[in-house]
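# Results of the structural survey
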Amino acid sequence: MDVIREFDPWDGELCTCPQKYSLNPYTGCGHRCIYCYSTYIPNFFEPRRKKNVVERVKRDLKKIPEGSLISLSNSSDPYLPMDKRYEDTRRCLKVIKEEGMKVLIVTKGVNVKRDVDILKEMNSAVTISICTLKNEIKEKLEPNSPRTQERLDLIETLSEEGIPIGVRLDPIFPNLTEDEIPRILNKASKVGVQHIVSSTFKARGDSWNRFKRGFPDLSDDLEELYFEKGERIDNSYYLPEQKRKEILERVSKGCKKHGLTFATCREGLPVLTSSDSCDGSHLIRDRL
Ligand code: SF4
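The following paragraphs examine the structure supplied in this document. This structure is a prediction, so every number in the text was calculated from the model and none was measured. (Residues numbered from 1 in each chain as written. Predicted model: local features only at pLDDT ≥ 70, side-chain atom pairs only at ≥ 80, totals over all residues. Heavy atoms only, no water.)

### Observations regarding the site of the ligand
Every residue near the ligand is listed here: Cys-29, His-31, Arg-32, Cys-33, Tyr-35, Cys-36, Phe-44, Phe-45, Ser-76 and Lys-108. For the shell around the ligand, the residue count by class is six nonpolar, two polar and two charged. (Near = heavy atom within 4 Å. Nonpolar A, V, L, I, M, F, W, Y, C, P; charged D, E, K, R; others polar.)

Below, the structure is given as structure tokens:
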């Protein structure tokens, strides 16, 4: 296998994802989220095309069973601004469709609208990442990504087109975005979202340094929470379990109130999950 890989997030024991494959049509990502977990990839914030990506996808598709689930993308965004020009994601989707695979889109990019025609003809679902409704916080957390309101408008459009939609309320930052949980769930439920997958921020060396630069006033409190009271799991620092549970229980209760299914992502808290998949792949209906 070359560009399509079995999804295996760093062998993480806490991952509850169903068996699926992962495809990143581009390498790297220009949204520059300060919390990004993919920055182990060299020059990650300088996105670039993959050479002959469609031919390579075609070859890989022959090696996996028909009807497999392919997730686009887990360590970049398939709808980067450059995709408007190159349309590599659209061309990949076309060949994935021809081979009868299911697709789960994970994006912050509003250009996914362009591909509704293909997604409607596939067994597909889309998850949109939202971690704040406040533009001044978004600008610091995800400087180059579309505004949250644009993402909510996008969700409404996709939902009206019959595409199943989930939101990745992810990551939640203690003392910064946790108070926005009820409003985000309320807004999401009004624009047609069916599922929420959520997790708290996990600090790593480089993401923690970016956070400290962006939010110096919060860094002392969070440093204590993560590095003194929290725990290290794999190569990330987590909040104390009680704090994570308390935050994610609030999300879970909010989802119940709004009739949304809910799952946590790599938190080790499966008891809070109310859906058949964490990643939103249970939303995919057999259209074909
Ligand atoms: S959109 Fe995802 S892959 Fe891109 S910088 Fe943000 S967290 Fe990283």
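Next comes the rest of the account.
### Considerations on the packing of helix α1 (residues 53-61) against helix α3 (residues 88-98)
The geometry of α1 relative to α3 is characterised by a closest axis approach of 9 Å and an angle of 25° between their N-to-C directions. Taken as axis vectors, α1 and α3 run roughly parallel relative to one another. The chirality of how α1 crosses α3 is right-handed. Touching Val-53, Val-54, Val-57, Lys-58 and Leu-61 of α1 are Asp-88, Arg-91, Cys-92, Val-95 and Ile-96, all from α3. (Axes fitted to C-alpha atoms, helices over the stretch in contact; angles between N-to-C directions. Helix = DSSP H or I, 4+ residues; strand = E, 2+ residues; numbered from the N terminus. Parallel < 35°, antiparallel > 145°, perpendicular 65-115°, else oblique. Left-handed = near helix turned anticlockwise from the far one by under 90°. Contact = heavy atoms within 4.5 Å.)

### Brief notes about the sheet that holds strand β2 (residues 21-23)
Within a sheet, each strand pairs with its neighbour through backbone hydrogen bonds, oriented either parallel or antiparallel. Reading across from one edge, β1-β2-β5-β6-β7-β8-β9-β12 is the order of the eight strands in this open sheet, with mixed pairing throughout. Looking along the sheet, the strands with just one partner apiece sit at the ends: β1 (4-6) and β12 (261-264). The average undirected angle you get between the axes of adjacent strands in this sheet is 25°. Pairing of strand β7 (residues 124-129) with strand β8 (residues 165-172) involves four bridges; the strand directions are parallel. When the bridges of β8 are listed, Thr-127 appears paired with Gly-166. Lying over the sheet, α3 contacts β2, β5 (69-72) and β6 (102-107), oriented at roughly 175° with respect to β5. Contacts from helix α6 (residues 148-160) reach β7 and β8 within the one sheet, and its direction differs from that of β7 by about 165°. (Pairing = 2+ DSSP bridges.)

### Details of the nonpolar core
Counting 78 residues, the largest nonpolar core has Val-57, Ile-70, Ile-196 and Val-251 as the members making the most contacts within it. What Ile-196 contacts, discounting residues up to four positions off in sequence, is Val-167, Leu-169, Leu-185, Ala-188, Val-251, Cys-255, Leu-260, Thr-261, Phe-262 and Ala-263. Ranked by size, the runner-up nonpolar core spans five residues in total, among them Leu-69, Ala-125, Leu-283 and Ile-284. (Core = buried A, V, L, I, M, F, W, Y, C linked by side-chain atoms within 4.5 Å. Buried < 20%, exposed > 50% of the residue type's maximum accessible area, 1.4 Å probe, protein only.)

### A few points about the environment of Phe-211
Assignment of secondary structure puts Phe-211 in helix α8 (residues 205-214). Looking at Phe-211, the relative accessible area reads 0%, which means it is buried. Between the C-alpha atoms of Phe-211 and Ile-184, which are 27 residues apart in sequence, the distance is 22 Å. Discounting residues that sit within four places of it in the chain, Phe-211 has contacts with Ile-34, Phe-173, Leu-176, Leu-218 and Leu-222.

### Quick word on the side chain of Arg-168
Within the secondary structure, Arg-168 sits in strand β8. A relative accessible area of 13% means that Arg-168 is categorised as buried. In this structure Arg-168 touches Val-106, Thr-127, Ile-128, Ser-129, Ile-130, Val-197 and Cys-265, once residues within four positions along its chain are discounted.

### Points about the pattern of salt bridges
Tallied over the full model, the rule gives 26 salt bridges. For the salt bridge of Glu-142 with Arg-151, the shortest nitrogen-to-oxygen distance reads 2.7 Å. Linked by salt bridges that have partners in common, Asp-83, Arg-90, Arg-114, Asp-115 and Asp-117 make up one network. (Salt bridge = Lys/Arg side-chain N within 4 Å of Asp/Glu carboxyl O.)

### What about the packing of aromatic side chains?
Overall, the coordinates contain twelve aromatic pairs when judged by the stated rule. Ring geometry for Trp-208 and Phe-227: centres 5.2 Å apart, planes at 70°, overall edge-to-face. Of this pair, Trp-208 sits in helix α8 while Phe-227 sits in helix α9 (residues 216-228); the two residues are 19 residues apart in sequence, bridging distant segments of the chain. Of the residues examined, Trp-208 reaches a relative accessible area of 5% and is grouped as buried. Phe-227 sits in the partly exposed class, given a relative accessible area of 31%. Put simply, the rings of Tyr-35, Phe-173, Phe-201, Trp-208, Phe-211, Phe-215, Tyr-226, Phe-227 and Tyr-237 touch in pairs and so form one group of aromatic residues. Lying across the ring of Phe-7, Lys-20 places its NZ or CZ 4.6 Å from the centre. The ring centre of Phe-215 lies 5.0 Å from the NZ or CZ of Lys-140, which sits over that ring. (Phe/Tyr/Trp six-rings, centres within 6.5 Å; stacked < 30°, edge-to-face > 60°. Lys NZ or Arg CZ within 6 Å of the ring centre and 35° of its normal.)

### Overview of a negative patch on the surface
A contiguous patch of negative charge on the surface is contributed by Glu-150, Asp-153, Glu-156 and Glu-160. Residue position: Glu-156 is located in helix α6. (Patch = residues over 30% accessible without salt bridge, like charges linked within 9 Å, V, L, I, M, F, W, Y side chains within 5 Å. Areas by Shrake-Rupley, 256 points an atom, 1.4 Å probe, with all protein chains shown as cover. Lys, Arg positive; Asp, Glu negative; His and termini not counted. Charge placed at Lys NZ, Arg CZ, Asp CG, Glu CD.)

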